[in-house]
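Each chain is listed here by its residues.
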Amino acid sequence: MAQRSRTSDVHPPAAAACLARSVVTALAEEPTLEAVTIDRQLRTISVATLGRANVASLTGRITRKFEAAQAADLTHTCSLLTGEGDCAKCDTPLSETERRQVTIRHGQGATTIARVTCPTAPKFWRWRDIPFPKVVQRDVEFLEHAEEHADEWQIQLAAAVLCGVCGIAGYILQKTGHDAMALASYMAAYLAGGWFPAEEVWERLRQRAIDVHFLMLAVAAGAASIGAWGEGAVLLFLFSLSGALEHYALGRTQKEIRSLFREAPKVATVLDGSGGEREVKVELLQPGMCLLIKPGSQFPVDAEVVKGQTAADESNLTGESAPVAKGMGDTVLAGTINLWGVVEANVLRPASESALQKIIHLIKEAQQQKAPSQRFTDQFSTRYTYLVLGLSFAMFFVWWLGFGLPAFNSTPAARSAFYRTMTLLVVASPCALVLSIPSAILAAIAWGARHGVLVRGGAAVEKLAEVNVVALDKTGTLTTGELRVESVESFPPGRETEVAQLAYSIEKLSTHPLARAITRYGRQEQLEPLALDQFESVTGQGLKARHEGAAVLLGRREWIVAERPAAIHSESHTRTSTDAGSSEVWLARNGLVGRLVLRDDIRPQARGVLDELKQCGLRTVVLTGDRRATAEHLKRTLHLDEVRAELKPDDKVAAIKSLSDAGDRVAMVGDGVNDAPSLAAAHVGVAMGARGADAALEQADVILMHDRLENFLAAFRLSQRARRIIRQNLVVSMGTVAVLVAFALIGKIPLPVGVVGHEGSTVLVVMNSLRLLLAGTLSRAPRTGGKPEA
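Residues numbered from 1 in each chain as written. Predicted model: local features only at pLDDT ≥ 70, side-chain atom pairs only at ≥ 80, totals over all residues. Heavy atoms only, no water.

Novice: Go over the overall build of the protein chain, please, and point to the residues and values.
Specialist: When its secondary structure is counted, the protein chain shows 26 helices and 28 strands. Buried residues in the protein chain amount to 51% of all 790 residues. Excluding contacts between residues fewer than 6 apart, the proportion of contacts in the protein chain whose partners are at least 24 apart in sequence is 69%. Of the accessible surface of the protein chain, which amounts to about 35,300 Å², a share of 55% is contributed by carbon and sulfur atoms. (Helix = DSSP H or I, 4+ residues; strand = E, 2+ residues; numbered from the N terminus. Buried < 20%, exposed > 50% of the residue type's maximum accessible area, 1.4 Å probe, protein only. Contact = heavy atoms within 4.5 Å. Areas by Shrake-Rupley, 256 points an atom, 1.4 Å probe, with all protein chains shown as cover.)

In structure tokens:
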């Protein structure tokens with residue numbers, strides 16, 4: 001069975017329709033939708049997709065399609081779903097054409113409606129579940145248009161203050177005998193304090209669901225019904241005040257994320273062939289167009305500098321405030337600022353595919369992905385809400401009939417059973433529990449984004465703290481990745497330019513770090529690219545192409561010898577060698593043999609970062625495709641625990657799996673296309689830089705936006721800190737509930753005190769999570785060593 005993952009709840013409005021009929025309609029309208037399973041016992045709807053589907057959009061459309069139908073299906077059993085024929089409540093039964101286009105299978109309380117397809121297609125379906133409506137927990141809202149709600153906390157705070165003022169006025173008026181005016185003041189307090197919670201309740205009720213807002217309003221209404229207006233006003237004041245503070249805290253987190261992205265330019269200056277300038281909308285820019293970017297303006301899209309020099313401020317993408325020098329052949333990224341030079345740059349990709357847009361998409365995706373502990377608390381809190389409702393209902397009768405307390409009217413000697421029930425409802429509500437984890441996760445994501453560390457969701461925040469082995473690629477990770485061509489040799493001598501030109505022409509079609517270095521060298525030497533045919537990339541070995549009918553091979557020496565045994569044969573070829581700190585690429589074509597020697601410097605920070613990782617109790621392993629001599633040189637220089645050399649991409653995956661099978665939790669750090677399988681196989685995949693390959697970015701759980709290895713250490717410590725705060729929040733929230741419920745059950749806590757304890761714990765866990773935003777740098781070496789948190 002394909003993997004299943006949970007999506008958002010379905011919220012149907014009141015409408016009459018047949019759910020099975022809407023399934024058939026959805027299959028006809030949604031080309032990526034293949035099947036829908038409706039389980040009447042588990043009360044879930046599962047959807048299967050095939051190919052590249054926009055899951056969020058598809059789920060939303062299917063949800064809307066089912067909304068009207070589900071309300072009816074919750075109150076009757078559709079005959080199509082039980083195999084008893086057409087549904088009696090469906091206005092239009094399935095036609096013969098529709099029946100031929102779908103299959104309907106029944107079994108074990110579930111019905112699957114699928115489009116007719118080939119027998120092998122179901123093997124490639126991906127399933128996702130959409131649960132039926134239920135009592136929903138209070139959740140953290142991740143706002144798609146957060147700017148529109150940025151100041152909402154101020155309005156909520158004003159309403160809470162007004163509620164408090166009116167409540168105090170009502171209390172004073174009541175004590176001085178002005179009962180009518182006191183009642184009016186209390187009603188004003190109710191209106192001010194209950195306005196925003198009532199909006200939430202109305203939205204939930206329209207979705208046939210309830211949450212803690214409903215419980216709080218119900219308790220306030222119950223207090224008013226027995227004349228305890230003061231207690232109800234205190235409840236609404238504290239509840240609305242905590243809501244305002246929560247919105248402030250979460251708004252602060254959203255503001256941290258939004259501040260990363262300046263407003264992108266709407267138009268760009270395009271140069272035509274004659275040097276003329278014209279303004280073009282950014283969304284219309286196409287690869288190959290030449291742009292003119294002036295000082296102080298933003299780069300509208302990802303582009304490559306072809307003329308001029310400047311420096312770019314990339315802090316909004318990478319978290320690095322130091323300007324980055326840009327010259328001919330360098331890549332500039334959308335959303336970054338051209339600081340001082342006038343440059344011309346060729347568009348590399350459309351605006352919708354820029355690094356900036358990828359990052360914005362990843363951050364939005366990260367905010368929606370839940371941590372394992374949050375998924376547990378979500379499930380627990382839903383069941384817990386039902387338990388609280390049932391317990392409160394039962395305790396009302398226990399106090400009333402069992403202990404002989406007054407049912408509704410309290411006396412000076414004893415509080416009524418109804419009063420105690422309302423107190424129990426308040427103190428047992430799981431507000432703090434539900435907020436304890438998502439508030440910490442969102443704060444951690446925001447802190448990371450502000451400091452050049454993009455954590456893709458709550459699962460990554462928690463998992464990174466579990467690792468005990470860090471596997472690293474060499475090129476672009478431990479080294480700068482900015483390879484430079486040190487020398488070009490030819491055999492026979494004298495044809496070095498021809499070797500360089502062939503290498504430049506074939507490497508223009510590749511994205512490997514070696515290819516970038518050779519391509520940059522070719523542009524600097526102003527070499528003319530040659531026309532090549534039948535280009536082929538041989539994974540882990542090199543590149544093939546044909547020029548004027550002759551085969552051209554570029555790659556590892558051993559591979560070229562295996563492909564062309566006669567190509568590298570002379571004594572001069574075999575004697576040629578490179579030192580341990582260099583890399584080489586060999587080329588062969590029709591009697592011409594050449595070698596390009598490249599050097600990639602070790603990052604200055606690498607030694608210090610690896611030493612700090614060891615102090616944290618982490619073992620370091622390097623997985624590289626380089627020669628054994630180069631890997632051993634790296635091991636001696638950086639004091640690595642282990643190196644594995646001459647690995648192909650599948651060998652790296654095998655190495656990750658062997659470490660995992662031995663019981664280690666592995667974080668793999670890489671940056672290239674060849675690292676993508678290893679990132680996917682690791683417990684946590686970490687990609688280096690916004691400039692990293694798309695495949696690596698897609699597979700990574702953590703992305704270090706600037707090419708700074710020390711940011712991995714910051715990400716690791718951020719994960720540890722977030723886990724500590726999550727645990728603190730869980731202890732506070734569950735401990736507070738346990739203590740307050742115990743006192744409520746024995747009747748030793750008045751409603752106002754219960755409200756203070758309940759709302760106080762909720763605010764406390766949110767503010768505790770905010771400490772993650774206020775943390776300074778997390779990349780300093782620890783004072784003492786120790787094992788990472790389990």
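Novice: Please give an account of a nonpolar patch on the surface that cites residues and values.
Specialist: A contiguous nonpolar patch, built from Leu 391, Val 739, Phe 743, Leu 745 and Ile 746 and spanning about 420 Å² of accessible area, is present on the exposed surface. Per element, the largest residue contribution to the nonpolar patch is 3 residues, and it comes from helix 25 (residues 710-745). Among the structural elements, Leu 745 can be located in helix 25. By relative accessible area, Leu 745 is classed as partly exposed at 33%. (Patch = residues over 30% accessible without salt bridge, like charges linked within 9 Å, V, L, I, M, F, W, Y side chains within 5 Å. Salt bridge = Lys/Arg side-chain N within 4 Å of Asp/Glu carboxyl O.)

Novice: Could you give me a rundown of the pattern of salt bridges, with the residues and numbers involved?
Specialist: Pairing between side chains of opposite charge can happen when the charged atoms of each approach one another. According to the stated counting rule, one finds 20 salt bridges in the structure shown. Through salt bridges with shared partners, a single network forms among Arg 495, Glu 498, Glu 548 and Arg 589.

Novice: Outline helix 13 (residues 431-450), listing residues and values.
Specialist: Taking 1.5 Å per residue, 20 residues should reach 28 Å; helix 13 reaches 28 Å between its end C-alpha atoms and fits that length. For helix 13, the buried fraction is high: 19 of the 20 residues fall into the buried class. (Expected span 1.5 Å × (residues − 1).)

Novice: Which residues make up the sheet that holds strand 12 (residues 324-326), and what values do they have?
Specialist: One open sheet accounts for 3 strands, arranged 12-11-14; its pairing is antiparallel. Unpaired on one side and paired on the other, strand 12 and strand 14 (337-338) mark the two borders of the sheet. (Pairing = 2+ DSSP bridges.)

Novice: Explain the packing of aromatic side chains residue by residue, including any values.
Specialist: In total, this model carries 9 aromatic pairs according to the counting rule given. With a centroid separation of 5.4 Å and 50° between ring planes, the pair formed by Phe 408 and Phe 418 is classed as tilted. Of this pair, Phe 408 sits in the loop between helix 11 (372-402) and helix 12 (417-428) while Phe 418 sits in helix 12, and the two are 10 residues apart along the sequence. Aromatic ring contacts, followed pair by pair, group Phe 393, Phe 396, Phe 397, Trp 400, Phe 408 and Phe 418 into a single cluster. (Phe/Tyr/Trp six-rings, centres within 6.5 Å; stacked < 30°, edge-to-face > 60°.)

Novice: Can you explain the nonpolar core? Please cite residues and give values.
Specialist: Counting 50 residues, the largest nonpolar core has Leu 464, Leu 478, Leu 613, Leu 640, Val 702, Phe 712 and Leu 772 as its most contacted members. Those residues within four positions of Leu 478 in sequence are excluded, and the remaining contacts are Leu 472, Asp 473, Ile 602, Arg 603, Ala 606, Leu 610, Val 622, Leu 634, Leu 638, Leu 640 and Leu 709. (Core = buried A, V, L, I, M, F, W, Y, C linked by side-chain atoms within 4.5 Å.)

Novice: I'd like a description of the environment of Cys 163, backed by residues and values.
Specialist: Along the chain, Cys 163 falls in helix 5 (residues 152-175). Note on Cys 163: relative accessible area 1%, which makes it buried. If sequence neighbours within four positions are ignored, Cys 163 has contacts with Ala 189, Ala 192, Gly 193, Ala 233, Leu 236 and Phe 237.

Novice: I'd like to hear about the sheet that holds strand 17 (residues 469-472), residue by residue, with values.
Specialist: The strand order 16-28-27-26-17-24-25 describes an open sheet built from 7 strands, whose pairing is mixed. One side of each edge strand has no neighbouring strand; the edge strands of this open sheet are strand 16 (453-455) and strand 25 (642-644). On average, each strand axis in the sheet is tilted by 20° relative to the strand beside it, whichever way the strands run. Here strand 26 (residues 666-670) pairs with strand 27 (residues 684-688) via 4 bridges, running parallel. Its bridge partner lying in strand 27, Ala 667 is registered against Val 684. (Axes fitted to C-alpha atoms, helices over the stretch in contact; angles between N-to-C directions.)

Novice: How would you explain the pairing of strand 27 if you had to name every residue and give the values?
Specialist: Most of strand 27 sits inside the fold, with 5 of its 5 residues counted as buried. The alternating pattern of strand 27 places Val 684, Val 686 and Met 688 on one face and Gly 685 and Ala 687 on the opposite face, and all of these are buried. Examined bridge by bridge, strand 27 and strand 28 (residues 702-704) share 3 bridges and lie parallel to one another. Residue Met 688 lies in a different strand from strand 28, and its bridge partner there is Leu 704.

Novice: Any details on helix 22 (residues 649-661)? Residues and values, ideally.
Specialist: Counted at 1.5 Å a residue, the expected span for helix 22 with its 13 residues is 18 Å, and the 18 Å between its end C-alpha atoms agrees. Along helix 22, the residues classified as buried are Pro 649, Lys 652, Val 653, Ala 655, Ile 656 and Leu 659. Buried residues of helix 22, seen end-on, are gathered within an arc of 160° and therefore sit on one face of the element. Exposed positions of helix 22 whose direction lies more than 90 degrees from the buried face are Asp 650 and Asp 661. Looking at the buried residues of helix 22, the elements they touch are strand 17, strand 24 (619-623), strand 25, strand 26 and helix 23 (676-681). (Arc of directions from axis to C-beta.)

Novice: I'd like a rundown of the packing of helix 5 against helix 6 (residues 179-206), residues and numbers included.
Specialist: Close contact between helix 5 and helix 6 brings their axes to 8 Å; oriented N to C, the two are set at 160°. It follows that helix 5 is roughly antiparallel to helix 6 by the angle criterion. Seen along the crossing, helix 5 lies across helix 6 with a hand that is left-handed. Across from Ile 155, Gln 156, Ala 159, Leu 162, Cys 163, Cys 166, Gly 167, Ala 169, Gly 170, Tyr 171, Leu 173 and Gln 174 in helix 5, the residues of helix 6 making contact are Asp 179, Met 181, Ala 182, Ser 185, Tyr 186, Ala 188, Ala 189, Ala 192, Gly 193 and Phe 196. Tallied by class, residues from the contact of helix 5 with helix 6 come to 15 nonpolar, 6 polar and 1 charged. (Parallel < 35°, antiparallel > 145°, perpendicular 65-115°, else oblique. Left-handed = near helix turned anticlockwise from the far one by under 90°. Nonpolar A, V, L, I, M, F, W, Y, C, P; charged D, E, K, R; others polar.)

Novice: Report on the confidence of the model for the protein chain, specifying residues and quantitative values.
Specialist: Per-residue confidence for the protein chain gives a mean pLDDT of 76, with 73% of residues at or over 70. Scored below 50 in pLDDT, residues 1-17 shows 58 contacts in the model against residues more than four places distant or in partner chains. (pLDDT = per-residue confidence, 0-100.)

Novice: Lay out unusual backbone geometry with the relevant residues and their values.
Specialist: Residue Pro 492 is reached from Phe 491 by a cis peptide bond, and omega for that bond is 5°. You can see Pro 492 is positioned in the loop between strand 18 (484-491) and helix 16 (496-507). You will see that Asn 590, though not glycine, has its phi angle at about 45°, which is positive. Assignment of secondary structure puts Asn 590 in the loop between strand 22 (582-589) and strand 23 (592-599). A relative accessible area of 57% means that Asn 590 is categorised as exposed. Positive phi outside glycine occurs at Glu 646, with the angle close to 55°. By the secondary structure assignment, Glu 646 is in the loop between strand 25 and helix 22.

Novice: An account of the side chain of Asp 302 is requested, with residue identities and associated values reported.
Specialist: Tracing the backbone shows Asp 302 in the loop between strand 9 (290-293) and strand 10 (303-307). A polar side-chain atom of Asp 302 sits 2.8 Å from the main-chain amide nitrogen of Ala 334. Separated by 2.8 Å, the side chains of Asp 302 and Arg 349 make a polar contact. (Polar contact = N/O pair within 3.5 Å; in protein donor to acceptor, adjacent residues only side chain to side chain.)

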